[in-house]
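Now for the letters of each chain:
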Amino acid sequence: MEAVEPFTETGINHYPRLYYVLLGLLSRLLGTDIVATWQVTGVVVQMLMVIAISWLLIRLTGQPLLGVFGFVPSLIGTLAVITSGNWYQSLDNHAVLWGAFGVFFTLNGESAALSLAVTSTCLIIGVTFPTGQGNVSTERMNWAAIVAASALIGTLANVQTYSFLTAIYLLVYATSMYGLLSYGSRKHIVISLICLVVVIFGGPIIASVCGPLVTLMAGLLAAAPGFSLVLLKHKVRMIGAAAAAALAASPTIIGTLAGLASEDEFLTYRESSSAALGVPLWPGVLAALAPLIMLALIFWAGTAQSNKAWQASALGAGVAWALVASNDNWGANQEPYRFWIDSFTIVTAATIPILFQVGIRSWSGWRSRVQSDDGARRWRHVNCSASKRGWMVTKHVVLGSACLTLATSVALGFADFAKFSAYVQDRGTESFNDPQARAIGAAVRKGVEDNSAAIRSTELLLADPCISPFRVKLLTGVPTAFYNLGLAWPEHEKALREVLKQRTAGTFARSEAQSGEVGYLLTDSSCSAAWHTEDVGMRVAEVPYSLGGKVATVTLWKLTA
C-alpha cells in the first residue's frame, strides 16, 4: 500500500498502481495465490468488456443475435502479417504496433484499464445514441449510467495513465464534435480550428514551460468550444459526469502534479525519456485501416441520413486518435505508439456496434424507399438526369469498394491474431511452480527464518543472471534489487542501475551492490555466470533441485564486506 518502488520497497512511486494494490488485497482477503488472482481477475474484467460490447450491439441494432460478436474487436489486428510477416509491426526504438489481443493477453494494469475504458465508452454510447426502438430506460437511469461510466474512466488515472488519457480524448472530442454539429455556428468551428493550430504549433512552447504532461492536457483545448456548447445545453448531466471523472482521477493527478512541482528526480527523467517512439504516418494509417474505414463509413452515413451522433463519433474519434498518436510532433512526446495502440483498441471496440447500427438502418431505409412507389421510380431512374444517375453509380461503386476493403482488412487482421496465437503457444507462459521456483522459495524462507527476518526489513536481495528477479519478488515478497526504469526509482538508483547493468553482462558489481544496500545474493549453481563460485560471503541456505536429470543448487548468501 505504500508509495514505494515495488521491487526494493524504497524510494517514491508516482506510477498509477490501484489495480495492483487491489489484486494484492484480493489475494490476501481470499487467501489465493497471487498468480491465480492476477489471471482470474484479468479475465473477469475482459469478460465484462465483451459483455458491454455485446450489450451495445444489441441496444443499437435491436438484434439479440448480434450480441455474439462482442469478442470480435479483440481479434482484429494491424495487418502486420502482410507488412512484416509477424503479428506486430516494429517501429523505431522499442515502439511497436499490434492489435488489442497483444495488450489483453498480459492481464496487467494496462489490459484492465483498456477493458474498463471500452466498457465505460460502450455504456455512454448506449445511453446517449438514438436507438429508434423506444427508450426503455428513464432519464434518471441514463444520467446515473453516464455519471457511473465517467467515474470509472476517471478511476483509470489511478490504474494506467495512457488508457485514461486516450479515453478522455476520445470522449471529449466526440462530445465536442456533437456540440459543434448540433448547436454550433461557423464561429465556433473557426475558434476550434484556431485552438487546434495553437496546440499543434504552440505545444513545444507549452512543453518547455509546463512540461509534457501538462501539454498533453492542453491538447484538449481544441475541443473546448464544442464541449462548452454541450455543457450549456445539458448542464446537470455534463457537470455530474465531469465532476465524477475529476474526483475519481484526482488522487494520482494531484500526486503527480505535486511531484512535478517539487522537481521529483524520477518524474523529471520520465517526462524527458520518451524518444524515437513516434508512429510514422503511412505505416500508422495502414495498420489502422480497418477502424479508419469504419469511421469513414459511419461519417458518410451520418451525413447522408443527418445523424449527428454518427457524424460526431466518427469525427471525434478520428481527430482524437490523430492527436494523441502524433503527440511527439506537437510537444508532449509521451510514447505516441502506446496512445496509438490504446486508441486502436477503444475505437475498434466502440465503432463496430455503431457500424452495425449504420448498416441495419441504411439497409432498412433503402428497402423502404425501393418498396414505395416514389422510391421505385427513383430506383428505375425514370426522372433522374444523366449526371444524377452517374453520381449514384459512382457513390455505389465507392461504397462497395470501401466495404470490400474493410472486409479484406478485417480478414487480414484476423491473420495477425492467428499468428499471435501460434506464437504464445510456442513460447508458453511463465511457470512459478517448477523445481527452480520451489527451490527459490525454500531457500529464501530458510534465510528469513534463520536470520530473524532481517532479509525483509533492512537489505536487498540480488539474484544472479539465471534467476529472474520477477520470480524472486513474486515467490518470496522480499525487497529485491531490481526496478523498472520507466515506472519508479528506488533509493540509491545510480548504484542499483550499475549493479543491474553489470548483472546483464554476467558480472557481479560488489562495491556498487554494497552502495545500493544489497545485503543478500541468490545464486543458481547451473548458471554460466558462476557467481556461486566467488567469495561473496556466508552461505545462509542451500536447496537442491532437479534440472534435466542433473542436480542444481539454489544458494542464499549473506554478503560480507
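Calculation notes
Every chain's residues receive numbers from 1 upward, in the order its sequence appears when written. Selection of residues for local features in this predicted model requires a pLDDT of at least 70, selection of side-chain atom pairs for listing and counting requires 80 or more, and totals for whole chains, interfaces and linings are taken over all residues. Derived side-chain values reflect all non-hydrogen atoms in the structure, with water molecules and hydrogen atoms excluded from consideration. Helix and strand definitions here come from DSSP, where helices need a minimum of 4 consecutive H or I residues and strands a minimum of 2 consecutive E residues; each element is numbered from the N-terminal end. Classification of residues uses two cut-offs on accessible area relative to the type maximum, computed with a 1.4 Å probe and protein chains only: under 20% is buried, over 50% is exposed, and between them is partly exposed. Should any heavy atoms of two residues lie within 4.5 Å, those residues are counted as being in contact. Every accessible area reported is derived by Shrake-Rupley at a probe size of 1.4 Å, with residue values counting cover from the shown protein chains alone. Definition used for salt bridges: Asp or Glu carboxyl oxygen within 4 Å of a side-chain nitrogen of Lys or Arg. Disulfides are defined as cysteine sulfur pairs within 2.5 Å. In this analysis, the expected span of each helix is defined as 1.5 Å times one less than the number of residues it contains. Definition of a polar contact: a pair of N or O atoms within 3.5 Å, with one able to donate and the other able to accept a hydrogen when the atoms are protein atoms, and with sequence-neighbouring residues admitted only if both atoms are side-chain atoms. Two strands pair under a simple rule: DSSP has to find at least two bridges between them. Each axis is a line fitted through C-alpha atoms, and for a helix only the stretch in contact is used; angles between axes span 0 to 180 degrees, taken between their N-to-C directions. Take the far helix as your reference; a near helix turned counterclockwise from it by less than a right angle gives a left-handed crossing, and one turned clockwise gives a right-handed crossing. Any residue outside Ala, Val, Leu, Ile, Met, Phe, Trp, Tyr, Cys, Pro, Asp, Glu, Lys and Arg is labelled polar, Gly included; the first ten of those are nonpolar and the last four are charged. A pair of aromatic rings is counted whenever rings of Phe, Tyr or Trp (Trp by its six-membered ring) have centres within 6.5 Å, and the orientation is called stacked for planes under 30 degrees apart, edge-to-face for over 60 and tilted otherwise.

A. Seen up close, the overall build of the protein. Within the protein one finds 23 helices and six strands. The principal-axis extent of the C-alpha atoms belonging to the protein is close to 95 × 55 × 45 Å. Residue burial in the protein is summarised as follows: out of 561 residues, 48% are buried. In the protein, once contacts between residues fewer than 6 apart in sequence are set aside, the share between residues at least 24 apart is 72%. Total accessible area computed for the protein in this model is approximately 26500 Å², and 64% of it derives from carbon and sulfur atoms.

B. Region of interest: the pattern of salt bridges. Taken as a whole and judged by the stated rule, the model has seven salt bridges. Linking Arg497 and Glu493 is a salt bridge whose minimum nitrogen-to-oxygen distance equals 2.7 Å. Placement of the pair is Arg497 and Glu493 together in helix α22 (residues 493–504), with a separation of four residues, close to one helical turn. According to the relative accessible area criterion, Glu493 is buried, its value standing at 9%. Linked through salt bridges whose partners overlap, the residues forming this network are Glu110, Glu335 and Arg338.

C. Expanded view of the state of the cysteines. Taken as a whole and assessed by the stated rule, the structure comprises one disulfide. Covalent S-S linkage joins Cys466 and Cys527, the inter-sulfur distance amounting to 2.1 Å. Negative torsions about the S-S bond denote left-handed disulfides, and the value of about 75° found for Cys466 with Cys527 makes this one right-handed. Within this pair, whereas Cys466 is found in the loop between β3 (460–463) and α21 (469–476), its partner Cys527 is found in the loop between β4 (518–524) and β5 (537–547), the two being separated by 61 residues in sequence. Owing to a relative accessible area of 35%, Cys466 belongs among the partly exposed residues under this scheme. By relative accessible area, which is 5% here, Cys527 ends up buried. Summary of cysteine pairing: Cys210 is not part of a disulfide, and the nearest cysteine sulfur, belonging to Cys195, is at 16 Å. Residue class for Cys210 comes out partly exposed when judged on its relative accessible area of 42%.

D. Structural context of helix α15 (residues 308–325). For α15, with 18 residues, the first-to-last C-alpha span of 25 Å sits near the 26 Å given by 1.5 Å per residue. Across the 18 residues of α15, 13 count as buried, placing the element largely inside the fold. For α15, the capping residue at the N-terminal end is Asn307, with a side-chain oxygen 3.1 Å from the backbone nitrogen of Ala309.

E. Inspection of helix α5 (residues 109–128) at higher detail. In this model α5 runs 28 Å from its N-terminal to its C-terminal C-alpha over 20 residues, within 8% of the 28 Å that 1.5 Å per residue would give. Counting buried positions along α5 yields 17 of 20 residues, so the element is predominantly enclosed. Near the N-terminus of α5, the side chain that reaches the backbone nitrogen of Glu110, with its oxygen 3.3 Å away, is that of Asn108.

F. Quick peek at the environment of Leu232. Topologically, Leu232 is positioned in helix α10 (residues 224–233). Judged by relative accessible area, which is 55%, Leu232 ranks as exposed. Placed 311 residues apart in sequence, Leu232 and Val543 show a C-alpha to C-alpha distance of 69 Å.

G. Highlighting unusual backbone geometry. The phi dihedral of Glu9 falls on the positive side, at around 60°, and the residue is not glycine. Inspection of the secondary structure puts Glu9 in the segment before α1 (18–30). Here Glu9 falls in the partly exposed class, since its relative accessible area comes to 38%. Despite not being glycine, Ala530 has its phi angle at roughly 55°, a positive value. In this structure, Ala530 sits in the loop between β4 and β5. Overall, the relative accessible area of 22% leaves Ala530 in the partly exposed class.

H. Structural context of the sheet that holds strand β6 (residues 550–559). Taking strand neighbours across the sheet as the criterion, the four strands line up as β3-β4-β6-β5 in an open arrangement whose pairing is mixed. A single partner strand is all that each edge strand has here, and the edge strands are β3 and β5. Strand-to-strand twist of the sheet, defined as the mean angle between neighbouring strand axes without regard to direction, takes the value 20°. Relative to β4, β3 is paired through four bridges, and the arrangement is parallel. Looking at the pairing, Leu461 lines up with Tyr520 of β4.

I. Region of the structure containing the packing of helix α14 (residues 289–304) against α15. Their axes nearest at 7 Å, the elements α14 and α15 cross at an angle of 145°. Note on packing geometry: the crossing formed by α14 with α15 is left-handed. Judged by residue contacts, Pro291, Leu292, Leu295, Ile298, Phe299, Ala301, Gly302 and Thr303 of α14 engage Trp310, Gln311, Ser313, Ala314, Leu315, Ala317, Gly318 and Trp321 from α15. A breakdown of the residues in the contact of α14 with α15 according to their chemical character gives eleven nonpolar, five polar and no charged.

J. Representation of the packing of aromatic side chains within the structure. Taken as a whole, this structure holds 21 aromatic pairs when the rule is applied. For the ring pair Tyr20 and Trp38, a centre distance of 5.8 Å and an interplane angle of 25° mean the geometry is stacked. Of this pair, Tyr20 sits in helix α1 while Trp38 sits in helix α2 (residues 34–61); the two residues are 18 residues apart in sequence, bridging distant segments of the chain. Of the residues examined, Tyr20 reaches a relative accessible area of 32% and is grouped as partly exposed. When its relative accessible area of 29% is taken as the criterion, Trp38 is described as partly exposed. Following the ring pairs from residue to residue traces out a cluster consisting of Trp87, Tyr88, Trp98, Phe101, Phe105, Phe417, Phe420 and Tyr423.

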